[in-house]
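Here is how the chains run, residue by residue.
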Amino acid sequence: MKSSIRHYSLSDNLKRVISGERETVFRLLESRFCVEIRTRLPGLDLIPQEGADLSGLLAVLDQLKIAARNGEILDATQLERMLGPKEASEASYTELIPDSPVFRNRFGISVSAKTPAQAELVKAVEKNDIIFAKGPAGTGKTFLAVTLAVASLERGEAERICLVRPAVEAGESLGYLPGDLKEKIAPYLRPIHDSLSELLPAEKLKRYEETGAIEVAPLAYMRGRTLKRAFIILDEAQNTTIAQMKMFLTRLGPHSKAIITGDTSQIDLAKGQTSGLEHAMKILQGIRGIAEVEFSATDVLRHHLVKDILLAYEQNEQKK
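These lines cover the structure that appears in this document, whether it is placed above or below. (Residues numbered from 1 in each chain as written. Predicted model: local features only at pLDDT ≥ 70, side-chain atom pairs only at ≥ 80, totals over all residues. Heavy atoms only, no water.)

### Notes on the overall build of the chain
And then number 1: Summing up its helical and strand segments, the chain has twelve helices and eleven strands in all.
And then number 2: For the chain, the residues scored as buried account for 47% of the 320 residues in total.
And then number 3: A sequence separation of at least 24 residues applies to 71% of the contacts in the chain between residues at least 6 apart. (Helix = DSSP H or I, 4+ residues; strand = E, 2+ residues; numbered from the N terminus. Buried < 20%, exposed > 50% of the residue type's maximum accessible area, 1.4 Å probe, protein only. Contact = heavy atoms within 4.5 Å.)

What follows is the structure, given as structure tokens:
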């Protein structure tokens, strides 16, 4: 039996922003919380159905209102991913969306955590100096790590950003490739450059790179250095050896942070070599100031089929 109607105050402008294309966000919320949402009159009329979770719906609507005011527009797919399992508690709904974005990109669009694992990474960076972020491709872990680093630089918390990757396919020597050193390593650093280009205006990015405030380099360049007041990101860390990972981790100087990202299902090292990422995560567990965040196929932000493809591969591996 239907209960009494509950009115939710919402301006017409915010209603248009929140509802999604063809009101798909509202349809998702109706299904999730067993509440009919009527939108024709000013605000929203909420009509509980059998099994309704009205308090949960109100908590989510409050979060969506905050997001819309911050310029964060969520579609139904993103919201469904953020809501997580239906067994989630009302308390988790109140922390669904950050009060403020991590950063605003060069277009003024807010960048914030899109999945529970991304939100966990943001919190881990606030409380720790070394963070391992492990998970499949497409989960946004590298882009979010770069965003956190750029935000730290822009706020003056870090004096420089160092973004590094192992050029494992070329054996680190890179000698047989054509061109000078810069041309040889460019293909391996392109994904990081793409992230920076999305976040910062071209002129500002160029200025940061020219002054050394942002450095994008192969892992081999880190040897012998001590990085103070730096935000360091090691990407594709599954392709480091144990010795390379130890070398990288010991570059950390005072007032610095490091995020190490990688996907242990895509190790390209020579047969018989142990991944430095897997080894480090195993032996460094429990050390205060070091955190681990694990991403899964459910955190994938690419085409919806990518998540299904990754799950299929995971299930196939488990059968072996």
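Further notes follow.
### Remarks on the packing of helix α10 (residues 242-249) against helix α11 (residues 276-283)
And then number 1: Closest axis-to-axis distance for the α10/α11 pair is 8 Å, and the angle between their directions is 60 degrees. Classified by the angle their axes make, α10 and α11 are oblique. α10 and α11 meet at a crossing whose hand is right-handed. Each of I242, M245 and L249 in α10 lies in contact with α11, whose residues at this interface are G276, L277, H279 and A280.
And then number 2: For the contact of α10 with α11, the residue count by class is five nonpolar, two polar and no charged. (Axes fitted to C-alpha atoms, helices over the stretch in contact; angles between N-to-C directions. Parallel < 35°, antiparallel > 145°, perpendicular 65-115°, else oblique. Left-handed = near helix turned anticlockwise from the far one by under 90°. Nonpolar A, V, L, I, M, F, W, Y, C, P; charged D, E, K, R; others polar.)

### Quick look at the pairing of strand β6 (residues 130-134)
Here is the key point about a regular strand: its side chains alternate between the two faces of the sheet.
And then number 1: β6 sits mainly inside the fold: five of its five residues count as buried.
And then number 2: Neither face of β6 is left uncovered, since the one carrying I130, F132 and K134 and the one carrying I131 and A133 both have all their residues buried.
And then number 3: Inspection of the sheet shows β6 paired to strand β10 (residues 257-262) by five bridges, in the parallel sense. Of the residues in β10, the one forming a bridge with A133 is T261.
And then number 4: Of the strand pairs in this sheet, β6 and strand β11 (residues 290-294) are connected by five bridges, and their pairing is parallel. Across the sheet, the residue bridging to I131 is A291, located in β11. (Pairing = 2+ DSSP bridges.)

### Concerning the pattern of salt bridges
Pairing is possible between side chains of opposite charge, provided their charged atoms come close.
And then number 1: Taken as a whole and assessed by the stated rule, the structure comprises 13 salt bridges.
And then number 2: Across the pair R190 and D194 runs a salt bridge, and its minimum N-O distance is 3.1 Å. Taken together, the positions of R190 and D194, both in helix α8 (residues 181-199) and four residues apart, correspond to about one turn of that helix.
And then number 3: By relative accessible area, R190 is classed as partly exposed at 45%. (Salt bridge = Lys/Arg side-chain N within 4 Å of Asp/Glu carboxyl O.)

### What about the sheet that holds strand β1 (residues 6-8)?
And then number 1: Spatial strand order, β1-β3-β2: three strands in an open sheet with antiparallel pairing. Each having just a single partner strand, β1 and β2 (35-38) make up the two edges of the open sheet. The average undirected angle you get between the axes of adjacent strands in this sheet is 25 degrees.
And then number 2: One ladder, built from four bridges, connects β2 with strand β3 (residues 44-48); its direction is antiparallel. Each residue of the ladder has a partner; that of V35, found in β3, is P48.

### Topic: the environment of A297
And then number 1: On the secondary structure map, A297 appears in the loop between β11 and α12 (304-319).
And then number 2: A297 gets classed as buried once you look at its relative accessible area, which sits at 2%.
And then number 3: For the pair A297 and L311, spaced 14 residues apart in sequence, the C-alpha separation works out to 6.3 Å.

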